[in-house]
Amino acid sequence: MAKSERSKKSKVLTSVAAVVLAVSMIIGGGTYAYLEAESDDVVNKFNTEQVTVALDETGDKEYDIIPGTSEDKDPKVTVTNSVDAYVYVTVEDTTQGLVDYEIADGWLPLDGYENVYYREVAAGEEPQEFYVLKDNKVSYDAALENKDMEGKEDLKLTFKAYAIQKAPFNEPVAAWEGKDSVVKTEEELTQAITNGKPVTLSTDMSVDVSTINNVGNSQINLNGKTLTIDGSTYMQVANGETISFANGTVNFDNTNPNYISVNVGEGSTVNFDNTEVDMKGKSILVNYGINTATVNVEDSTIYTSDYYCISTNASDLTSGKNVVINVINSSLTADDPNGDCTAILMNVPGTLTIDNSTITAGRQAVIVRTGTATIKDSTLINTLEYTSANWAKYDNTGWGSGNEVPVAVLVAGDRATAYPWNTEVTLDNVTLQYNGETDRAPIYAAAYGGYTTVINGAGDYEVTISSDADGVTVNK
């Protein structure tokens, strides 16, 4: 199981001569010139900007469907924007196929959204107008018959326009998704999360962890800003929930004594995408009793001064059937002050994937005590900051809990009764590195009680196999 306890361990000088000289000058009188200068003012001017949009149409908006004919229909979007903007129009069509029309040139369909169209509008001093329908017409197929009309009521075409500044989104889908969720104050942030709305930060903010824990799914676009999550407990991702952070920095600054920043619940998912995460001496934990959970880290960095960046907990032997940990294009660093740390601990059945990433810690970079791990195009680093007197502590004895195992860059399998499962680790173009002098092999493997450990792709790396471990297979 993951460890739950720690073991931590100008004068101002005055020149008397200068004082005497200064007094003499004052007593003696005299006129003194001082060297001095003054710069010109640098005036910073801030301009207010606006984005407004309107939608109107001529005519009485009443139409008769007569097969083989067409009618004028000219919905028009007018936008006034002093900064570059995205302009959108939505079309709600309940005409059941009886009314034909095309969207005017210049409007593009928004990826992933049906009947939403957009265009980019450069900043301008004057209002700019854009018609929605091609040739400003709707038409009716000549093949329509009475039976096509029977029982069809409440036939409508409804248009609505939106506009939002291009920056900081700089991508039409992101701007569309963020148009209703930009928050400017911590109060707005709290309300948006509480109401289950996606959130886009407009400035650095803090939020009490209890706010996030009291809602369901949360999607937070950090928008290049820093979100500090504080409070007296850890962030609990409740059963079945998904919490996602993207595009910025998250500081976990809670004061709970459990050394947990994020506690992942049954069936839940935590996503970090393009995010810099500082866990301030705590870890992301898939706790005991959890069978299904997912942690995704992509294009991100995670730092902790704790034992683990990401850890599972094997104190319940019935748990961990489908725990999934994905670390893609990312960097994870565990930097406990005593070097007693491991960046990733996988000790329940599940799947660990590390791809194009750098994993660094002081005692072991990665431990896979059980489960299936695939490590590809990555670098694993042991900084050897852990006390050298303990490097061989578990070489010839039963292993303990958590990272109480032999020192290596990568540890696979187990030599303890607490982990009765098989292990398989596949390496593909992986660098295993010690940052220091040691004769220890970069890979340490074991198997216990009839269970097996398989290491694929070890290549030229030396593998130390624990004594009395007859279930270890190393495929070069």
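Our structure is the block above this text.
For every chain, the first residue of its written sequence is number 1, and the numbers climb from 1 along that sequence. Residue-level local features of this predicted model are given only where pLDDT is at least 70; pairs of side-chain atoms are given and counted only at 80 or more, and the full residue set underlies all totals for whole chains, interfaces and linings. Excluded from the side-chain calculation are hydrogens and water; included are all heavy atoms of the structure.

Novice: Explain the pairing of strand S6 (residues 116-121) here, please?
Specialist: Regular strands have side chains that alternate between both faces of the sheet. Each residue is placed in one exposure class: buried if its accessible area under a 1.4 Å probe, protein chains only, is under 20% of its type's maximum, exposed if it is over 50%, and partly exposed if it falls in between. The numbering of helices and of strands both runs from the N terminus, where a helix is a DSSP run of H or I of at least 4 residues and a strand a run of E of at least 2. Among the six residues in S6, five count as buried, and that is most of the element. The pairing criterion is simple: DSSP has to find at least two bridges between the two strands. Relative to S6, strand S4 (residues 85-93) runs antiparallel, the two being bridged by six bridges. Considered in S6, the bridge of Tyr88 is made with Tyr118. Across two bridges, strand S5 (residues 108-109) lies against S6 in antiparallel orientation. Bridge pairing in S6 links Pro109 to Tyr117. From the end of S5 to the start of S6, which pair antiparallel, there are six residues, and Gly112 there has a positive phi angle of about 85°.

Novice: What am I meant to see in the pattern of salt bridges here?
Specialist: Each salt bridge in this description consists of a side-chain nitrogen of Lys or Arg and a carboxyl oxygen of Asp or Glu lying within 4 Å of one another. Scanning the model with the defined rule gives twelve salt bridges in all. A salt bridge links Glu129 to Lys76; its shortest N-O distance comes to 3.6 Å. Pair noted here: Glu129 is in strand S7 (residues 128-131) and Lys76 is in strand S3 (residues 76-81), with a separation of 53 residues, a long-range link. Across the pair Asp154 and Lys156 runs a salt bridge whose closest N-O atoms are separated by 3.4 Å. Classification of Asp154 as exposed rests on a relative accessible area of 55%. The class for Lys156 is partly exposed, based on a relative accessible area of 45%. The network of salt bridges with shared partners includes Asp340, Arg363, Lys393 and Glu404.

Novice: What exactly am I supposed to notice about the sheet that holds S7 here?
Specialist: In sheet architecture, strand pairing relies on hydrogen bonds along the backbone and comes in two forms, parallel and antiparallel. Taken in spatial order, the three strands line up as S1-S3-S7 in an open sheet, and their pairing is antiparallel. The open sheet has two free edges, formed respectively by strand S1 (51-56) and S7, since each of these has just one partner strand. Taken pair by pair, the neighbouring strands of this sheet meet at an average axis angle of 20°, ignoring direction. With axes taken as lines fitted to C-alpha atoms, and helix axes fitted only over the stretch in contact, angles between N-to-C directions fall between 0 and 180 degrees.

Novice: Just checking my understanding: could you explain the environment of Leu55 for this structure?
Specialist: Note that Leu55 resides in strand S1. Put simply, Leu55 and Val132 are 77 residues apart on the chain and 9.7 Å apart in space, counted from C-alpha to C-alpha. Contacts: residue pairs with any heavy atoms within 4.5 Å of one another. Aside from chain neighbours lying at most four places away, what touches Leu55 is Pro75, Lys76, Val77, Val132, Phe159, Lys160 and Ala161.

Novice: Which parts of the structure should I look at to understand the packing of aromatic side chains?
Specialist: To describe a pair of aromatic rings, one takes the distance between the centres and the angle between the planes. For this analysis, a ring pair means two rings from Phe, Tyr or Trp (six-membered ring only for Trp) whose centres lie within 6.5 Å, classed as stacked if their planes differ by under 30 degrees, edge-to-face if by over 60, and tilted for the remaining angles. Applying the stated criterion to the full structure yields nine aromatic pairs. A ring pair is formed by Tyr162 and Trp176, whose centres lie 5.2 Å apart and whose planes are at 90°; its orientation type is edge-to-face. Residue Tyr162 is found in strand S9 (residues 157-165), and its partner Trp176 is found in helix H3 (residues 172-178); the two are separated by 14 residues along the sequence. What makes Tyr162 partly exposed here is its relative accessible area of 22%. Put simply, a charge is over a ring when the Lys NZ or the Arg CZ is close to the ring centre, within 6 Å, and near the line of the ring normal, within 35 degrees. We note Arg119 situated over the ring of Trp107; from NZ or CZ to the ring centre the distance is 4.9 Å. The positively charged end of Arg369 is found above the aromatic ring belonging to Tyr419, 3.8 Å away from the centroid.

Novice: Please explain the nonpolar core as it appears in this structure.
Specialist: Within soluble globular proteins, side chains that are nonpolar generally end up buried alongside one another. In this text, buried Ala, Val, Leu, Ile, Met, Phe, Trp, Tyr and Cys residues form a nonpolar core when linked through side-chain atoms within 4.5 Å. The biggest cluster of nonpolar side chains holds 91 residues, and the ones touching the most others in it are Leu227, Ile229, Met235, Phe245, Val366 and Leu380. Not counting chain neighbours up to four residues away, the residues in contact with Leu380 comprise Ile359, Ala365, Val366, Ile375, Val409, Leu410, Val430, Thr431, Leu432 and Gln433. Listed in part, the 21 residues of the second largest apolar core include Val89, Ala104, Tyr117 and Val138.

Novice: How should I be thinking about unusual backbone geometry in this particular structure?
Specialist: What you tend to see is this: most non-glycine residues have negative phi, and most peptide bonds are trans. Here the phi dihedral of Gln96 falls at roughly 55°; this positive angle occurs in a residue that is not glycine. Among the structural elements, Gln96 can be located in the loop between S4 and S5. Judged by its relative accessible area of 47%, Gln96 is partly exposed. Positive phi outside glycine occurs at Asn429, with the angle close to 60°. Looking at where Asn429 falls in the secondary structure, it is placed in the loop between strand S32 (423-428) and strand S33 (431-434). On the basis of relative accessible area, Asn429 is assigned to the exposed category, the value being 58%.

Novice: In this structure, what is going on with the side chain of Ser357? I would like to understand it.
Specialist: Mapped onto the secondary structure, Ser357 falls in the loop between strand S26 (350-355) and strand S27 (358-361). Definition of a polar contact: a pair of N or O atoms within 3.5 Å, with one able to donate and the other able to accept a hydrogen when the atoms are protein atoms, and with sequence-neighbouring residues admitted only if both atoms are side-chain atoms. There is a polar contact of 3.0 Å between the side chain of Ser357 and the backbone nitrogen of Ser330. Those residues in contact with Ser357, other than ones at most four positions away along the chain, are Val327, Ile328, Asn329, Ser330, Asp377, Ser378 and Thr379.

The values reported here are purely geometric and, on their own, carry no functional implication.
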